[in-house]
Structures are given as C-alpha cells and as structure tokens.
Amino acid sequence: MSATVARAGFLTSVQDLGRTGLRQFGVSIGGALDPHALRVANLLVGNDEPTAGLEITLGGSQLRFADARIIAWCGGDFDVDVGSTSLPAGHAVLFRAGDELTIHQAKMGCRALVAISGGIGAPLVLGSRSTDLRANFGGIKGRALRNGDTIPLGKNSERTNILIDNLQEERIAHWSPPHDWSSPAKREPVLHVVRGSEWNRFNDVAIQRFTAGTFTISPDSDRMGVRLEGAELKRNDDVDLVSEAVAPGTIQVPPSGRPILLLGDCQTIGGYPKIAHVITVDLPVAAQLRPGDQVRFREVALGDAHQLLIERARNLEQFRRGLQPHFS
Amino acid sequence: MSGRRRANCELWFALDGCWFEIVPSHNLIGANTFAKLKADHALMEITPLGDSALIVRVRDQFADAPEQTLNEVLGTLRRIEDARIPGVIELAPAYTTIAVFYDPMRVVGAGAKPKGVFDWLAKRIREVVSDADQIRGDQIEMSLIEIPVCYDAEFALDLNEIARRSGLTAQEVVDLHSAAQYRVHCVGFTPGFPYLGGLPGKLATPRRAIPRKEIPAGSVAIGGTQSGIYPVKSPGGWNVIGRTPRRLFDPDKDPPALLRAGDRVRFHAITRGEFEKSIM
C-alpha cells in the first residue's frame, strides 16, 4: 500500500485541491497549481476528484509501486513511461506490483499532475493533504519529496478495481479527456485576463504594453508566482496602496514595473497594484509557464470569464458521465 | 507632498473614489472634501478580484481612523457571513476591505445568469451592508492576548538601529514597545503573521533596504508604523526587536493562528531564562 520515490526530481510534492476557509489566518489556498488537471486525472483512475496526487515540476522523477494501481497524468509535454511502454497524458494505465513510473524532463510546459488510484495517504492538515512548502506543513513531512521517501497510498476504490480487471490485457485505456485538459501547455500562450482594481492607475503606454506586448518568464519563478520580464509597466502615480486580498491569477505590478503573475501558493494579501487577473479557465495554461517561455495577455469581460467557467463545469459533468461505462 | 501629487489624488478620488493613501487624509485633501467623500461612500464599493472573488471596500482610508475602520470592516464581515449568500466560499478581511471568494457555478445554481454572476452577488451583499450607520453601532468582540517577548540582544537584531533612529536608548525602546496596546489589523504575509497597529509613533522605523533572507520564527519586529510577529521562519524586511516563545501558527490546532483581525495585543518583556523555560 505504498510507493517508493526512487528519484524525486527537481520539485515533487503532494497536492490536492488545497485549503479553503483559512485566508483570514494567512493560509494560502495552495494545492495543485492546475486543479482542473488533478480533478481530471483523478476521475481517470477511479478516485474522487479532490484526492491527493503528485505535482511534478520539470520532471526527472521515478516512482516504484508495491501493488497494483491505476495511474494517469495530465500536464506539460513530458515523456512518461513504465518499462518500455510510453504513457501519453490523459490515459489510465495499469501498474502491477514492482512497476516503475518514470517522468522524464519536460520538453514543453512545467508541471505534471499525477493521480494514483487510492490516493496519497498523507495526513489531513487543516482540511487538506497539500504540502505548504513555505510554511512547511501538510504532504509528506511538510516538504518536497526526496529520494528514498515512502509514500503511503490509500485503498483502491471499487471503481478502480473494476478498471484494473478491464485493463488486464490492453493495460492503457483508449479513452481520454479533451486534449486541452490533459495537455494544457502551449507555446507562447495568450492568457485571458479581466481588469484588476488598479487597471486605471496605469498610463496608456503601460496598458498598451500589457495588452499587446510579449513577456518572458523569469528564472525567479516558483509556486507562489511567475515573474514576467518585458516592457516596464509604469503607473500614473507613486501612491502607496493599503494591502488587500490577492488570489491565484492576480497580476500585480511592483514599483520596478515588472509584473508578477500569482499562482496557488501566493500570499493571501498584497500591497502592489493589481493590473489584471488571469481568468480561472486559463490557470491550467499559466501553471505550465516555465523560465524562458513567452506569454501574452488579452482582455475579456468578466461575464465572458464566468460563461467560460460554467461551460467548462458542464463539460466536466459530461465527461464524468461519459466515464461511467468504463467503470462498470 | 508636491502640489502635482495632491492634485492628482483629488482627481482620482473624484473619478473613482476608490483609492487609498496611507498618509492621513487631511494631509492629502481638504477636510471638507473628505467629509463629502465619506458621505458619498455610505454605499460601499464592490469590485471584482478576478472571476472567483470580489472586494468590498468599506472605506477609502485607513490610517486616519484605524480603530473605526477595523470595527467597520469586522462589522461588515459579520453581516456578509450571517447572510449566508449562496456560492460564497470564504471571507477574508484586510485593513479597509473584505474579500469575498465565491464559486461562480453555485451562484448560477442559485439563480444568477452566467453573465450576471458578479452583479447578482454584489446586489446580495449590498442588501446586507447598505446601512453603514447600523454597522458602526455593531458590537465587535475582541480578545486581549498577552505576548511575552524576550528583548535580549541575541534576538533583538535591530534594537540598536531602532534606538539610533528614534534617539532613544535601547531600554526606552523596549519600555515603549511593551507598554503600548496593539490591535491586529490584518493577518497575512505568512500563515498567522499579524499586522499590528498601535505602535508608538517614536518607534516607527522604515523597513530594511535589503530584506533578510531568513528571520527566525517568533521574531517580533517593526515595519514602518506597524509591529508584527514572524510565526514561521521566513525572509523579511522588518526590524527585529525581540522574540516570543509563543507559537503564532500551529497547523494542528483549530483555529491554526493565535491571532485574528480585531484582536487586541499586549507585549510584556521576559528574561532570557523565562524564554528558554517556556520554549521547552
């Protein structure tokens, strides 16, 4: 009922859908930076959607399983294999006792979300199994995985057991989610944004640069945020703001004029002006940005952002229903 | 303050009425203007924070009336909480605002049109927070929490610098810091980090030009006109004045943070011996 970390890779941590209700205490939502990918991967292996999985940054990881599991992953463009069989993103795969999962270095994108049937049995801390890497709690000992770690796994669900039977011969399921869900990484993506409270504090040149320019991801980026290099965004004033809430997707602009796109581990409050926010349906693409990548931004109306989110929720519901025959 | 900046600020107030200054309002705009603005803002401003949260702005200013602002924020928070608006996931106060996080799907499930999620929520919120006078009369409950601090030289990394800037002796700085009563204006930065208002004016010290890469857990510090406590080891730019053996954040406890917005805080000096004893 466990897996062994043969190689942890660059940065691998246990993540689920994160912590809610604790912002008033300064606790970030955290969790998988692409929560949609984790939901989808969990559905593929017969887990409940919020089950804890692994978030693998840039690859170089290897895991060995002690018993039969179904595994699926979604995320960047990684070569993933078990023995000589390669595993495409978004497909359920049967692992037998002793099998090794290898996730090679990312060719494009930054992160892979790996769901393991039964889920990762890390203790629940503040309602979540996610690793808070800044405050060092949750996950496995509050830290990123290391070589030689043992990861406790939960019991396979009834649904998973049916799938294990069904995949004895073919091993890799032929069905998969929409390509955008399993492989959200894009070359030079355009992220859609809605205006932030301080949009009007930026001069016309800054707004023009923000909406028409190209930004490069700085090496100084992590699970808290992605720093963007490019034309400086200058404000009309230099007035200090009173700190208020920020959220994953918020793009804040410090006095340097170089924007920071916040991700799941971001602080709960910030005092820098918020020029815009990446919309929720584009956060999976944002989570795949890695140093050197280029990104652009395009404004959409808030109502359109909601419309897109609701469409995705409906599509996810349809996908859930569509999976049903494979688990019976 | 330059005339240009002053003029600009007036312009923005007139246009949007939503920008804040950390400087007292009378330094920035005339008292009459401010009184008028206050009247204009009996209706709180509600603005989107991306597509899954919004911000309710209780007041434009904070520094001119921190206690009153904090009480109004907490009163407003309570009202939104009690209203149990469908789709609202969590609320988080900060200085002049309350952030309302929501699930757009559940808001639509409760009857909003997909393109009207924000307006639907803003209307529900306005219904419960429209009466600012009544909120001002709300009783705000607040705990008083005593925090022991060891101001020993080994912990008080910047005590001498604070003393030098303020023209006080180190002991006078400690006496002033531990005699004041503080109030938690906000919790953030790292889990459980309290931003404390009420620092005696003489002790105000700008943040360090170059932040330290690592400040030990429990460090009590001064940043500008506020005091704060680092609950977990983290980088930081505040001036460290001492260390508390009390745990400010414990993920195994419910609630995990010792302090929440609105709480009153007092520091009292302890010796190195007392510190060592209570940390065991």
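Residues numbered from 1 in each chain as written. Chains lettered and ligands numbered in written order. Predicted model: local features only at pLDDT ≥ 70, side-chain atom pairs only at ≥ 80, totals over all residues.

### Focus: the overall build of chain B
- What chain B contains, in helices and strands, is 10 helices and 13 strands.
- Going through the 280 residues of chain B one by one, you find that 44% of them count as buried.
- Look at the contacts in chain B between residues 6 or more apart in sequence, and 60% of them connect residues 24 or more apart. (Helix = DSSP H or I, 4+ residues; strand = E, 2+ residues; numbered from the N terminus. Buried ≥ 20, exposed ≤ 12 C-beta atoms within 10 Å, placed from the backbone. Contact = placed C-beta atoms within 7 Å.)

### What about the overall build of chain A?
- Tallying secondary structure elements over chain A gives six helices and 20 strands in all.
- Across its three principal directions, the C-alpha atoms of chain A cover 65 × 35 × 35 Å.
- In chain A, which comprises 328 residues, the proportion classed as buried is 53%.
- For chain A, long-range pairs separated by at least 24 residues make up 77% of all intrachain contacts whose partners lie at least 6 apart in sequence.

### Considerations on the domain arrangement of chain B
All names here are of chain B.
- Domain annotation for chain B reports domain 1 (3-7 + 15-34 + 43-136) and domain 2 (144-279).
- Counting only elements with at least two residues in the side of domain 1 that touches domain 2, the list comes to helix H4 (66-83) and strand E3 (88-94).
- Element by element, the count of residues in the side of domain 1 that touches domain 2 is highest for H4, at four residues. (Domains from an automatic or database assignment.)

### Let's talk about the sheet that holds strand E7 (residues 85-86) of chain A
All names here are of chain A.
- What the six strands build is an open sheet, ordered E7-E6-E9-E4-E1-E11; its pairing is antiparallel. Both outer strands of the open sheet, E7 and strand E11 (150-152), are each paired with one neighbouring strand and no more.
- Examined bridge by bridge, strand E1 (residues 2-7) and strand E4 (residues 61-65) share four bridges and lie antiparallel to one another. Residue Ala3 lies in a different strand from E4, and its bridge partner there is Phe65. (Pairing = 2+ DSSP bridges.)

### Examining helix H9 (residues 170-179) of chain B
Residues and elements named next belong to chain B.
- What H9 keeps buried is the set Val173, Val174 and His177. Along the long axis of H9, the arc covered by the buried residues comes to 95 degrees, so they all point the same way. When the buried face of H9 is taken as reference, the exposed residues oriented beyond 90 degrees from it are Gln171 and Ala179.
- The secondary structure elements touched by the buried residues of H9 are helix H8 (159-166), strand E12 (239-243) and strand E13 (264-270). (Arc of directions from axis to C-beta.)

### A closer look at the domain arrangement of chain A
Residue and element names in this part refer to chain A.
- The domain architecture assigned to chain A consists of domain 1 (2-184) and domain 2 (190-309).
- When each unit is reduced to the centre of its C-alpha atoms, the spacing between domain 1 and domain 2 is 28 Å.
- In terms of residue count, strand E10 (residues 108-116) provides more of the side of domain 1 that touches domain 2 than any other element does, three residues in total.
- Of the residues belonging to the side of domain 1 that touches domain 2, the class tally is seven nonpolar, nine polar and four charged. (Nonpolar A, V, L, I, M, F, W, Y, C, P; charged D, E, K, R; others polar.)

### Concerning the interface of chain A and chain B
- With 41 residues of chain A in contact, the opposing surface of chain B contributes 49 residues.
- If you list the elements that add at least two residues to the side of chain A that touches chain B, you get strand E15 (244-245) and helix H6 (302-323) of chain A.
- With eight residues, H6 of chain A is the single largest residue contributor to the side of chain A that touches chain B.
- Residues belonging to the side of chain A that touches chain B are distributed by class as follows: 20 nonpolar, 16 polar and five charged.

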